[in-house]
Amino acid sequence: MANVKDIKVAPLRNRLIGSLPKIGIRPVIDGRRNGIRESLEEQTMGMAKAVAEFLSSNLKHSNGMPVECVIADTTIGGFAEAAKAAEKFAREGVGVTITVTPCWCYGSETIDMDPYMPKAIWGFNGTERPGAVYLAAALAAHNQKGLPAFGIYGKDVQDATDRTIPDDVKEKLLRFAKAGLAVATMRNKSYLSIGNVAMGIAGSIVDPDFFEDYLGMRVEYVDMSELVRRMEEGIYDKEEFERGMKWVRENCIEGEDNNPDYLKVSRERKDKEWETVVKMTLIIRDLMVGNRRLADLGFVEESEGHNAIAAGFQGQRQWTDHFPNGDFSEAILNSSFDWNGIREPFILATENDSLNAVAMLFGHFAFR
């Protein structure tokens, strides 16, 4: 067993194409001037700053990098300021919005109208201004327009001067932010189907409509013969392969071979299969997210990958009747470590069970 003290931590990085989504905070306010709006500015912007600080201190992306929050430059009292906030959010790469307010505001003039943006509203439960009224009115406007929104309201009444975020509100903010970031992270990524349907398993009948319409993703397809081509033509990082083999010999202990004698294979055959499964692991990873090292070796097209946030390997049976099965590759890629150290797992479904891959992906996002 490896000494965990010797395991390195791989540098944090975004291995997929596209910036990591940020959370946009929208402080919405009563637009009436001459004393009304002015009296609410500090409290409203204070709510936005408190939410931004709380979320950025308590959330990380699935790769371990910090979640950034972007606050609108001003409070939002009408559509012009809502448009300015939306423009800033687009420029900053915001993928999720949270609207906060302690008061009544102009409902349909101030809501986030982006149909692709997961959105929530926190209406302050205060002693003076009716934050609850705006929350109810704005959620009704979202429903009328067919725009889903998540409502947040504290169970306990707070004084207007109370700048703390109640525990129940914190829980709802975190639950929404995790789900919203998952949605934003999956958008424009792919599920990579390596092979096709495994032994008639319905989950490995990859449905592109589900991925496109429900998850905002696309499906990419690669035949399993691509692994053979890359192994035979040496389209993998040979230095990493040697490093991986050294790690495997030191840490992957073979179990007892309980096959009858006539089915047992030679030591030479077993050693060769260890080499094959390590190469399979490198190649599947490279197919998912690319590898700049391949471009250095002259394989520019192969270096790009498929920007896959999840994948599946058919294996059974056309592959496994001739080659070692995909168990090692699936186990090590789904783990949070390999010969390069501790790193973000790669979601890879056994037998190309794309529906199981989605469930694993949701679980992966939940523990951030």
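These remarks concern the structure in this document. From a predicted model like this one, the values you see are computed outputs, not experimental measurements. (Residues numbered from 1 in each chain as written. Predicted model: local features only at pLDDT ≥ 70, side-chain atom pairs only at ≥ 80, totals over all residues. Heavy atoms only, no water.)

Glancing now at the overall build of the protein chain. The number of helices and strands found in the protein chain is 13 helices and 11 strands. Along the first, second and third principal axes, the C-alpha set of the protein chain runs to 90 × 45 × 40 Å. When each of the 368 residues of the protein chain is scored for burial, the buried share is 48%. Residue pairs in contact within the protein chain that sit at least 24 positions apart in sequence constitute 73% of those at least 6 positions apart. On the protein chain, roughly 18,600 Å² of surface is accessible, and the fraction owed to carbon and sulfur atoms is 52%. Of note, the protein chain has its 44 positive side-chain charges centred 4 Å away from the centre of its 55 negative side-chain charges. (Helix = DSSP H or I, 4+ residues; strand = E, 2+ residues; numbered from the N terminus. Buried < 20%, exposed > 50% of the residue type's maximum accessible area, 1.4 Å probe, protein only. Contact = heavy atoms within 4.5 Å. Areas by Shrake-Rupley, 256 points an atom, 1.4 Å probe, with all protein chains shown as cover. Lys, Arg positive; Asp, Glu negative; His and termini not counted. Charge placed at Lys NZ, Arg CZ, Asp CG, Glu CD.)

Moving on: the packing of aromatic side chains. Applying the stated criterion across every chain, the model contains 12 aromatic pairs. An angle of 65 degrees between the planes, with centres 5.8 Å apart, marks the rings of Tyr-236 and Phe-241 as edge-to-face. Comparing Tyr-236 with Phe-241 shows no difference in burial state: the two are buried. Aromatic side chains Trp-274 and Phe-328 sit 5.8 Å apart centroid to centroid with 85 degrees between the ring planes, which places their arrangement in the edge-to-face category. Of this pair, Trp-274 sits in helix α9 (residues 267-289) while Phe-328 sits in helix α12 (residues 327-334), and the two are 54 residues apart along the sequence. By relative accessible area, which is 15% here, Phe-328 ends up buried. (Phe/Tyr/Trp six-rings, centres within 6.5 Å; stacked < 30°, edge-to-face > 60°.)

A separate point is the packing of α9 against α12. In the contact formed by α9 and α12, the axes pass within 8 Å of each other and the chain directions differ by 50 degrees. Here α9 is positioned oblique relative to α12, judged by the angle of their axes. For the element pair α9 and α12, the recorded crossing hand is right-handed. Between α9 and α12, the contacting residues are Trp-274, Val-277, Val-278, Met-280, Thr-281, Ile-284 and Arg-285 on the first element and Phe-328, Ser-329, Ile-332 and Leu-333 on the second. Tallied by class, residues from the contact of α9 with α12 come to 8 nonpolar, 2 polar and 1 charged. (Axes fitted to C-alpha atoms, helices over the stretch in contact; angles between N-to-C directions. Parallel < 35°, antiparallel > 145°, perpendicular 65-115°, else oblique. Left-handed = near helix turned anticlockwise from the far one by under 90°. Nonpolar A, V, L, I, M, F, W, Y, C, P; charged D, E, K, R; others polar.)

What follows concerns unusual backbone geometry. Cis rather than trans, the peptide bond between Gln-316 and Arg-317 has omega equal to -10 degrees. In this fold, Arg-317 is placed in the loop between β8 (308-313) and α12. Phi at Met-199 is positive, roughly 50 degrees, even though this residue is not glycine. In this fold, Met-199 is placed in the loop between β6 (190-194) and α6 (208-215).

What follows deals with the packing of α6 against helix α13 (residues 354-366). The N-to-C vectors of α6 and α13 enclose an angle of 25 degrees; their axes lie 11 Å apart at closest approach. Our classification of the angle between α6 and α13 gives roughly parallel. Taken as a pair, α6 and α13 cross one another with a handedness that is right-handed. In contact with Phe-210, Phe-211 and Leu-215 of α6, α13 contributes Ser-354, Leu-355, Val-358 and Phe-362.

Judged by pairing direction, the sheet is parallel, and its 4 strands sit side by side in the order β7-β6-β8-β11 without closing on themselves. Here the strands that pair on one side only, and so sit at the sheet edges, are β7 (218-222) and β11 (347-350). Strand-to-strand, the axes of this sheet are offset by a mean angle of 20 degrees, without reference to chain direction. The sheet contact formed by β6 and β8 spans 5 bridges and is parallel. Residue pairing for β8: Ser-193 is matched across the bridge by Gly-312. Along the sheet face, α9 touches β6, β7, β8 and β11 and points at about 140 degrees away from the line of β8. (Pairing = 2+ DSSP bridges.)

Limitation: the analysis is restricted to geometry and does not speak to function.
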